[in-house]
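Remarks on the overall topology
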Amino acid sequence: GSAYNTIYANLKVQSTQMGDEFDTEEVKEATLESLIDQELVRQEAESEGIEVSDEELDEEISMIKEQNEEGYETLLEQFQMTEDAFKDQLRIDLIRMEYADKKLDVDISDDDVKKKYDELKGEVEEEEELPEFDEVKDQIKQSMEQEELTLALDEKVEKLKETAKIERKI
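Described in the following lines is the structure provided in the data block. (Residues numbered from 1 in each chain as written. Predicted model: local features only at pLDDT ≥ 70, side-chain atom pairs only at ≥ 80, totals over all residues. Heavy atoms only, no water.)

1. Considerations on the overall build of the protein
- Helices and strands together make up the secondary structure of the protein, namely 7 helices and 0 strands.
- The helix and strand sequence of the protein, counted from the amino end, reads α-α-α-α-α-α-α.
- Over its C-alpha atoms, taken along the principal directions, the protein stretches across nearly 50 × 35 × 35 Å.
- Buried residues in the protein amount to 27% of all 170 residues.
- When contacts within the protein are restricted to residue pairs at least 6 apart in sequence, those whose partners lie at least 24 apart make up 73%.
- Of the charged side chains in the protein, 21 are positive and 55 negative; the average position of the first set lies 6 Å away from that of the second. (Helix = DSSP H or I, 4+ residues; strand = E, 2+ residues; numbered from the N terminus. Buried < 20%, exposed > 50% of the residue type's maximum accessible area, 1.4 Å probe, protein only. Contact = heavy atoms within 4.5 Å. Lys, Arg positive; Asp, Glu negative; His and termini not counted. Charge placed at Lys NZ, Arg CZ, Asp CG, Glu CD.)

This is the structure in structure tokens:
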């Protein structure tokens, strides 16, 4: 219930911030799908021996607080989250990232990065200046890899759903 409420509040806030008309039934369904996706990845990661220890979690939270204590508090308020609920969500996010990094293969070539840079260069207004390719290629590559990992993880979740026994009790 608390996981559902946390995700529901998060999706509701995101919907409102994006200016979308808030549809309760759509947000409820999206919340349930998100919970299912998270649980499937958690179970798959667990079967692969991937977990996040309490020490790793505490270290990550300390780092977040060090970077921006006020922002952390605002985040908790905005999403109506307790610190324990935030920890639970952060653990899930860290497991997802570790699973994706260790078990999903993504390869972005230098040519792909250059093509993306050229696309970005074409989209930039003339008065804005895009840094030289060598200055931003690592950032672009990292962004592209993250995007590809997300897509690969979504594909993996869809495959897991095909064979999983899922009971919807909400």
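2. Section: the packing of helix H2 (residues 24–47) against helix H5 (residues 83–103)
- Relative orientation of the contacting elements H2 and H5 amounts to 60°, with a least axis distance of 10 Å. Considering the angle they form, H2 stands oblique to H5. As H2 packs across H5, the resulting crossing turns out to be left-handed. For the pair H2 and H5, the contacting residues are Gln38, Val41, Arg42, Glu44 and Ala45 in the first and Gln89, Ile92, Ile95, Arg96 and Tyr99 in the second. (Axes fitted to C-alpha atoms, helices over the stretch in contact; angles between N-to-C directions. Parallel < 35°, antiparallel > 145°, perpendicular 65-115°, else oblique. Left-handed = near helix turned anticlockwise from the far one by under 90°.)

3. Concerning a negative patch on the surface
- Among the surface-exposed residues, Asp105, Asp107, Asp110, Asp111, Asp112, Glu147, Glu148, Asp154 and Glu155 lie close enough to one another that they form a single negatively charged patch.
- Element by element, the count of residues in the negative patch is highest for helix H7 (residues 133–163), at 4 residues.
- Within the element layout of this structure, Glu147 appears in helix H7. (Patch = residues over 30% accessible without salt bridge, like charges linked within 9 Å, V, L, I, M, F, W, Y side chains within 5 Å. Areas by Shrake-Rupley, 256 points an atom, 1.4 Å probe, with all protein chains shown as cover. Salt bridge = Lys/Arg side-chain N within 4 Å of Asp/Glu carboxyl O.)

4. Comments concerning the nonpolar core
- If you look at the biggest cluster of nonpolar residues, it comprises 26 residues, and the most contacted ones within it are Leu57, Ile61, Met81, Phe86, Leu90 and Tyr99.
- Every element with two or more residues in this core is listed here: H2, helix H3 (54–67), helix H4 (69–78), H5 and H7.
- With 7 residues, the top contributor of residues to this core is H5.
- Not counting residues within four places of it along the chain, the set of residues in contact with Phe86 comprises Ile61, Ile64, Tyr72, Leu75, Leu76 and Met81. (Core = buried A, V, L, I, M, F, W, Y, C linked by side-chain atoms within 4.5 Å.)

5. Some remarks on the environment of Ile166
- When you line up the elements, Ile166 lands in the segment after H7.
- Residues Ile166 and Leu40 lie 126 residues apart in sequence; the distance between their C-alpha atoms is 9.4 Å.
- Discounting chain neighbours no more than four positions away, the residues touching Ile166 are Ile36, Leu40 and Lys161.

6. Some remarks on the packing of aromatic side chains
- Taken as a whole, this structure holds 3 aromatic pairs when the rule is applied.
- Here the aromatic rings of Tyr4 and Tyr8 are separated by 6.0 Å at their centres, their planes lie at 15°, and the arrangement is stacked. Placement of both Tyr4 and Tyr8 in helix H1 (residues 2–17) is noted, with a separation of 4 residues, approximately one turn of the helix. For the pair Tyr4 and Tyr8, a shared accessibility class is recorded, and that class is buried.
- A ring pair is formed by Tyr117 and Phe133, whose centres lie 5.3 Å apart and whose planes are at 70°; its orientation type is edge-to-face. (Phe/Tyr/Trp six-rings, centres within 6.5 Å; stacked < 30°, edge-to-face > 60°.)

7. Regarding the pattern of salt bridges
- Across all of its chains, the model carries 17 salt bridges by this definition.
- The closest approach of N and O atoms between Lys165 and Glu167, which form a salt bridge, is 3.7 Å. Taken as a pair, Lys165 and Glu167 share a single burial class, namely exposed.
- Here the residues in one salt-bridge network are Glu29, Glu33, Asp37, Glu158, Lys161 and Arg168, joined through shared partners.

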